[in-house]
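A closer look at the structure
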Amino acid sequence: DLQARLENARQLFDVGDVEGGREVIGAILDLRPHHVPAHLMLVLDAEARDDPWVALAGYRRLAEWLPEIPTLQARAARVAHMLEAEELATCLANRALQTMPEEPSLHYLLAAIHSEAGEWEASSEACRKAIELGMEEAPLYLTLGRVEFEQMHIGESIAAYAKAVE
């Protein structure tokens with residue numbers, strides 16, 4: 001019965017009936033206050049509606065309930081970074097890295113955070129770790145190019161920018 005209700009809520013969200021979807025989720029949570037899929041659906045809806053504060057609160061709640069799922073910490077870190085809550089983002093990303101040390105996107109997230117804080121060496125190190133782990137995306141190389149430029153490593157900066165253009 002709960003699974004059918006959850007699917008009904010998903011369909012309502014999909015067709016744009018946000019209020020209807022929230023009403024169904026509310027009914028599920030009245031029956032089972034810790035129903036993780038229902039809470040996750042609310043978090044994803046908040047992200048889709050560009051409501052990062054609600055999304056961050058939801059991810060944090062879920063991460064507290066399920067600390068063994070580092071993806072929740074990672075998603076919360078990304079939302080915190082988007083909100084420019086850099087200390088929180090760093091803390092959450094580092095927690096996620098404790099159980100997912102080979103996740104290149106987390107290293108890139110740390111690189112972006114460090115870069116925005118002017119922590120060039122830490123940002124460069126995180127960029128290089130993401131590259132070492134196989135990440136080959138232009139934003140990563142743009143960040144590395146900026147970081148190398150700020151450290152006056154012009155050759156490395158040009159090489160990183162060229163890789164971004166590739």
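One can find the structure itself at the top, above this paragraph.
If you're wondering where the values come from, they're calculated on a predicted model, not measured in any experiment.

Scanning the entire structure with this criterion turns up 10 salt bridges. Across the salt bridge formed by E7 and R10, the nearest N and O atoms sit 3.4 Å from each other. One end of the pair is E7 and the other is R10, both in helix α1 (residues 2-14) and three residues apart, which spans about a single turn. A salt bridge links D45 to R22, with the nearest nitrogen and oxygen atoms 3.7 Å apart. One end of the pair, D45, is in helix α3 (residues 36-48); the other, R22, is in helix α2 (residues 18-31), with 23 residues separating them in the sequence. Here the salt bridges do not stand alone but share partners, grouping E19, R22, D45, R49 and D51 into one network.

Put simply, helix α6 (residues 86-99) and helix α7 (residues 104-116) touch, their axes get as near as 10 Å, and they point 155 degrees apart. On the basis of their axis angle, the class for α6 and α7 is roughly antiparallel. Every pair of crossing elements has a handedness; the one defined by α6 and α7 is left-handed. Judged by residue contacts, E86, A89, T90, A93, N94, A96 and L97 of α6 engage L106, H107, L109, L110, I113 and E116 from α7.

A separate point is the nonpolar core. By size, the foremost hydrophobic cluster in this structure holds 32 residues, and its most contacted members are L56, Y59, L72 and V79. For this core, the secondary structure elements donating two or more residues are α3, α4 (52-65), α5 (70-82), α6, α7, α8 (120-132) and α9 (138-150). The element best represented in this core is α5, accounting for six residues. Beyond its immediate chain neighbours, meaning those up to four positions away, V79 contacts E47, P52, A55, L56 and Y59.

For H114, the location among the structural elements is in helix α7. Distance from H114 to C127, taken between C-alpha atoms, is 10 Å for residues 13 residues apart in sequence. For H114, the residues in contact, after removing those within four places along its chain, are E119, A122 and S123.

What follows deals with the layout of surface pockets. Roughly 180 Å³ of internal volume is contained in the largest pocket. Taken together, L6, R10, F13, D14, V18, P37, L40, M41, L44 and D45 form the lining of the largest pocket. For the lining of the largest pocket, the secondary structure elements donating two or more residues are α1 and α3. In terms of residue count, the dominant contributor to the lining of the largest pocket is α3 (five residues). Each residue belonging to the lining of the largest pocket can be placed in one class, and the counts come to seven nonpolar, no polar and three charged.

Conventions adopted
- Residues numbered from 1 in each chain as written.
- Predicted model: local features only at pLDDT ≥ 70, side-chain atom pairs only at ≥ 80, totals over all residues.
- Heavy atoms only, no water.
- Salt bridge = Lys/Arg side-chain N within 4 Å of Asp/Glu carboxyl O.
- Helix = DSSP H or I, 4+ residues; strand = E, 2+ residues; numbered from the N terminus.
- Axes fitted to C-alpha atoms, helices over the stretch in contact; angles between N-to-C directions.
- Parallel < 35°, antiparallel > 145°, perpendicular 65-115°, else oblique.
- Left-handed = near helix turned anticlockwise from the far one by under 90°.
- Contact = heavy atoms within 4.5 Å.
- Core = buried A, V, L, I, M, F, W, Y, C linked by side-chain atoms within 4.5 Å.
- Buried < 20%, exposed > 50% of the residue type's maximum accessible area, 1.4 Å probe, protein only.
- 1 Å grid on protein atoms, 1.4 Å probe; cavity = no way out; pocket = protein on both sides within 12 Å on 5 of 7 lines; lining within 4 Å.
- Points joined across faces, edges and corners; volume = space filled by probe spheres on them.
- Nonpolar A, V, L, I, M, F, W, Y, C, P; charged D, E, K, R; others polar.

The values reported here are purely geometric and, on their own, carry no functional implication.
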